[in-house]
Amino acid sequence: MNCNMKHCQSPLCPPHVSSVAALMRAGLVLSLLFFNTALAPASQPNVVILLADDLGYQDLGCYGGPVKTPVLDTLARNGVQFSNFYSGAAVCSPSRAVLLTGRTNLRSGIYSWINDHDQKAHLPRSEITIAEMLQSAGYATAHFGKWHLGMPTNAHPDKPTPDQQGFHYWFATANNAQPSHHHPVNFIRNGNATGKLEGYACDIVVNDAIGWLDNRPAKAKPFLLNIWFHEPHAPLAAPKSLTAQYGDTGDPAAVYSATIANTDQAIGRLLAKLQEVDSRENTLVIYASDNGSYRSDRVGNLRGTKGTNYEGGIRVPGIFSWPGHWQNGQVIDQPAGLVDLLPTIAQAANVKLPDRHLDGTDLSNLLRGHQGQFKRHQPLFWMLPLSGPAIAIRDQQYSLVAYRQGALPKDEQSITAIKQQIKELLISKSIFESETRGSTFDKQLFEGFNDREAEQLRGRFIRLNQFHESWIPGLKQSSFDRFELYDLSDDPGQQQDLSVRLPVVHYKLKKRLQALAYDALDEAVDWSDSSGAPKPLRVHRLKSSYRSGFDAFLYVNRIPTELEQGETHEELCDRILGRLANQEGRVLIKLPPLMDGQAYAGFKIALDGRTRAGAGRCFHCHQLPNLDHPEAEPLVPTLRGPAITKAQLASILNDATHQDIQLNEDGLSKIVSLLQTFDDLPDQPFRQQILDAKVLNITGDLQ
């Protein structure tokens, strides 16, 4: 369905709301919806994530910035405002990966911002996103705005799109709005290019979100709105009426401020619509930025800007609002960040966390006003190979940063030459001052120029400076030096290195930072490897860096775990049982140290579906490692999980789902022994399990 109405931004055709009327309505909504009444916890609230692009720590009015942002100021005043909130990374793509997964960017192989034409990098489908987590719990999910986590191109057609990362509906640009925020031409809706759209990017995105809210199927379902604005990333554009409030309409600083103000107005329209759709007590809203500003005048007294792991590159606004559930009117000094969103949302929505290592921590105790009960399971940390410093950690009031040893093999001679060529071009056209006003030439090289010829040359400069995937094997062997320690409670500008004065703190944080960095590097995808990104693994992780004693058992006995063409689950179980019986006859079964005869007998009970006396078809509902299920089927429960006692298992087997299963005390003991072999092991202990496997004495162990 196509629409040619001048102001329509979506085939869903939401009504075009004037900014004046919208702001009046938003003001009324914001004055009413934050009345903090005591409510019973909602089991599944609507979730709205709002992400700015390149917004600095001191841009918004509520953070002491120069931009008039009444909507966001009210959201902060009546919600929860963090004074020490952090992006997932110092640049775009890595930070977005952290937000969606709750894991540091290296774990998903996002080393820097993504160039889809030159790089294989993308958010792997093996990662579990907030959208996938909520989708599996019955949520309707939609993404609007910038994506920048990989999109298919002619060079790399197999990159996943947002619908393959958990979003039922998506309306996005692969990277920045082009040619600017005004009348962009590069939006894609559910895989189909929209062509030129009228208006400014923030309004276009919010209009489409409002249209989706009005026309979404299954309106009884809770929803996830993931709205990632393009503003204030360059190339900039904003209404002149707003720009004039901040200076000359040709001043980049004034246009920059106006893009933020314009976005604030768009958010006001969205909040008004959310109040129409459902009570705000049933809708939580989170607002932040993907990284710090590229403008040094918008990071306050912090050191550095976008692209650096000093505070100015990673500290950003963080505003949380859920009236009636999170304690309103708080300003929280505890460090928190985008990495914490997934576990926090999981708790709010009462859904199970993904079965993998998460770097983030649930912020619920902080948000409810129970700061004394909050404990972070590991410090916040960042790693960005192209950054200087390359790694950083925040633990309580302390920040430790470090540089990577050795230079990356860039073509510095060509980079210097192209920089000089761009500079001479701008000077020759007498536009150098206007193109760099309020910024610097070096920063604009990464943010953009208005002059088309300069932009073409800048494209060559960017390609010379971008991350090269051939560097990954070397990066995985990285070493670090030049460690700098700062006490941010006294020195937020990171001017006084305390490494010598506080040697114990320095030593402890250095060890912790190195351990976190090497752990993430070990898990990081190597895009220079022809095998590419890991495929999604349903339950069990034979190809990951964590395995179990049960995996070792499967490995040493060459037990089949995948369906053959046309084979049913029952037939696979029979095939496994046949192989075990054959090996038993020749006394060839091998058991690793974590597997014993009792657990082995439990495995055979779990496989055998031919009798009600056994566990009966366990592996028809619970997956074996790598056991394929059709894509159309929901994920089945895993037998992986915390340790379980015989009494707990007996209780579970009493429910209606397991009514066909009849196990005596001996059978229960054997199944519990089997489940205990499913505990994860890092690589080295896993390899030792294989080396130490012993041949099972069938007569002695199984009688």
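Small disclaimer: the values here were computed from a predicted structure and weren't measured.

Turning next to the overall build of the chain. Scanning the chain for helices and strands turns up 24 helices and 19 strands. Out of the 703 residues belonging to the chain, those deemed buried represent 56%. The contacts of the chain with a sequence gap of at least 6 include a subset with a gap of at least 24, amounting to 72%. Of the roughly 29,400 Å² that the chain leaves accessible, carbon and sulfur atoms contribute 50%.

A separate point is the sheet that holds strand E14 (residues 398-404). The strand order E12-E13-E14-E15 describes an open sheet built from four strands, whose pairing is antiparallel. Across the chains shown, the open sheet's two edge strands, defined by having one partner strand only, are strand E12 (380-383) and strand E15 (480-487). Going from strand to strand, the sheet's axes swing by 15 degrees on average, the running direction of each strand aside. Two elements, E14 and E15, share six bridges in a ladder whose sense is antiparallel. The partner of serine 399 across the bridge, within E15, is tyrosine 486. Packing against the sheet, helix H16 (residues 503-523) makes contact with E12, strand E13 (391-395), E14 and E15, and its axis sits at approximately 125 degrees to E15.

Here the focus is unusual backbone geometry. In this structure, the amide linkage connecting glutamine 178 to the following residue, proline 179, adopts the cis form with an omega of 5 degrees. Within the secondary structure, proline 179 is located in the loop between strand E4 (169-173) and strand E5 (188-189). Here the phi dihedral of aspartate 54 falls at roughly 75 degrees; this positive angle occurs in a residue that is not glycine. Aspartate 54 sits in the buried class, given a relative accessible area of 0%. Of note, the phi angle at histidine 148 is positive, near 60 degrees, even though the residue is not glycine. Tracing the sequence through the fold places histidine 148 in the loop between strand E3 (140-146) and E4. You can call histidine 148 buried: its relative accessible area is 3%.

Another point: the nonpolar core. Among the nonpolar cores identified, the biggest contains 75 residues, and Phe82, Leu134, Phe320 and Leu341 are the most heavily contacted of them. Phenylalanine 82 has contacts with Tyr63, Gly318, Phe320, Ile332, Gln334, Ala336, Leu363, Leu366 and Leu367, leaving out every residue within four places of it along the chain. Within the second largest apolar cluster, 51 residues are counted, among which are Leu50, Val71, Ile204 and Ile210.

To continue, consider the side chain of glutamine 330. Within the secondary structure layout, glutamine 330 lies in strand E10 (residues 330-332). A residue is classified by how much of its surface remains accessible, and glutamine 330, at 9% relative accessible area, is buried. Only 3.2 Å separates the side chain of glutamine 330 from the backbone oxygen of glutamine 327, close enough to count as a polar contact. Discounting chain neighbours no more than four positions away, the residues touching glutamine 330 are Gly79, Val80, Gln81, Leu366, Leu367, Arg368, Gly369 and Gln371.

On to the environment of lysine 352. By the secondary structure assignment, lysine 352 is in the loop between helix H9 (341-349) and helix H10 (364-367). Residue lysine 352 is classed as exposed on the basis of its relative accessible area, which comes to 65%. A sequence separation of 219 residues divides lysine 352 from methionine 133, and the C-alpha atoms of the two residues are 7.8 Å apart.

The next subject is the packing of helix H5 (residues 201-215) against helix H7 (residues 252-277). Closest axis-to-axis distance for the H5/H7 pair is 9 Å, and the angle between their directions is 5 degrees. One element, H5, and the other, H7, form an angle in the roughly parallel class. Residue-level contacts link Cys202, Asp203, Val206, Asn207, Ala209, Ile210, Leu213 and Asp214 of H5 to Asn262, Thr263, Ala266, Arg269, Leu270, Lys273, Leu274 and Val277 of H7. Class assignment for the residues of the contact of H5 with H7 results in nine nonpolar, three polar and four charged.

Over its 26 residues, H7 extends 38 Å from the first C-alpha to the last, a length consistent with the 38 Å expected when each residue adds 1.5 Å. Among the 26 residues of H7, 22 are classified as buried, and the element is accordingly described as predominantly covered. Regarding H7, its N-cap is aspartate 251, as a side-chain oxygen of that residue lies 3.0 Å from the backbone nitrogen of alanine 253 further along.

With that settled, the discussion passes to the packing of aromatic side chains. For the coordinates displayed, the defined rule picks out 23 aromatic pairs. Where phenylalanine 467 meets tryptophan 471, the ring centres are 5.6 Å apart and the plane angle is 80 degrees; that geometry is what we call edge-to-face. Here tryptophan 471 falls in the buried class, since its relative accessible area comes to 9%. Pairwise contacts between aromatic rings join Phe82, Phe85, Phe320, Trp322 and Trp326 into one cluster. The ring of phenylalanine 441 is capped by lysine 423, whose NZ or CZ atom sits 6.0 Å from the centre of that ring. Its end group placed over the ring of tyrosine 403, arginine 482 keeps NZ or CZ at 3.7 Å from the ring centre.

Attention now goes to the confidence of the model for the chain. Per-residue confidence for the chain gives a mean pLDDT of 85; residues scoring 70 or more make up 84%. Below pLDDT 50 for its whole length, residues 536-545 participates in 31 contacts with residues either more than four positions away or in separate chains. Note on residues 611-615: pLDDT under 50 across the span, and 14 contacts to partners over four residues away in sequence or across chains.

Quick look at the pairing of E3 now. Of all seven residues in E3, seven are buried, a share of seventy percent or more. When E3 meets strand E7 (residues 223-228), the two strands line up parallel, connected through six bridges. Bridging across to E7, threonine 141 finds its partner in leucine 224. Looking at chain direction, E3 and E4 are connected through five bridges and run parallel. Following the sheet pairing, phenylalanine 144 is matched in E4 by phenylalanine 171.

For the rest of this paragraph, the subject is the environment of glutamine 676. Looking at the secondary structure, you find glutamine 676 in helix H22 (residues 665-676). Relative accessible area serves as the criterion here: at 48%, glutamine 676 is assigned to the partly exposed category. Glutamine 676 sits 81 residues away from methionine 595 along the chain, and the two C-alpha atoms are 8.7 Å apart.

About the thresholds
Residues numbered from 1 in each chain as written. Predicted model: local features only at pLDDT ≥ 70, side-chain atom pairs only at ≥ 80, totals over all residues. Heavy atoms only, no water. Helix = DSSP H or I, 4+ residues; strand = E, 2+ residues; numbered from the N terminus. Buried < 20%, exposed > 50% of the residue type's maximum accessible area, 1.4 Å probe, protein only. Contact = heavy atoms within 4.5 Å. Areas by Shrake-Rupley, 256 points an atom, 1.4 Å probe, with all protein chains shown as cover. Pairing = 2+ DSSP bridges. Axes fitted to C-alpha atoms, helices over the stretch in contact; angles between N-to-C directions. Core = buried A, V, L, I, M, F, W, Y, C linked by side-chain atoms within 4.5 Å. Polar contact = N/O pair within 3.5 Å; in protein donor to acceptor, adjacent residues only side chain to side chain. Parallel < 35°, antiparallel > 145°, perpendicular 65-115°, else oblique. Nonpolar A, V, L, I, M, F, W, Y, C, P; charged D, E, K, R; others polar. Expected span 1.5 Å × (residues − 1). Phe/Tyr/Trp six-rings, centres within 6.5 Å; stacked < 30°, edge-to-face > 60°. Lys NZ or Arg CZ within 6 Å of the ring centre and 35° of its normal. pLDDT = per-residue confidence, 0-100.

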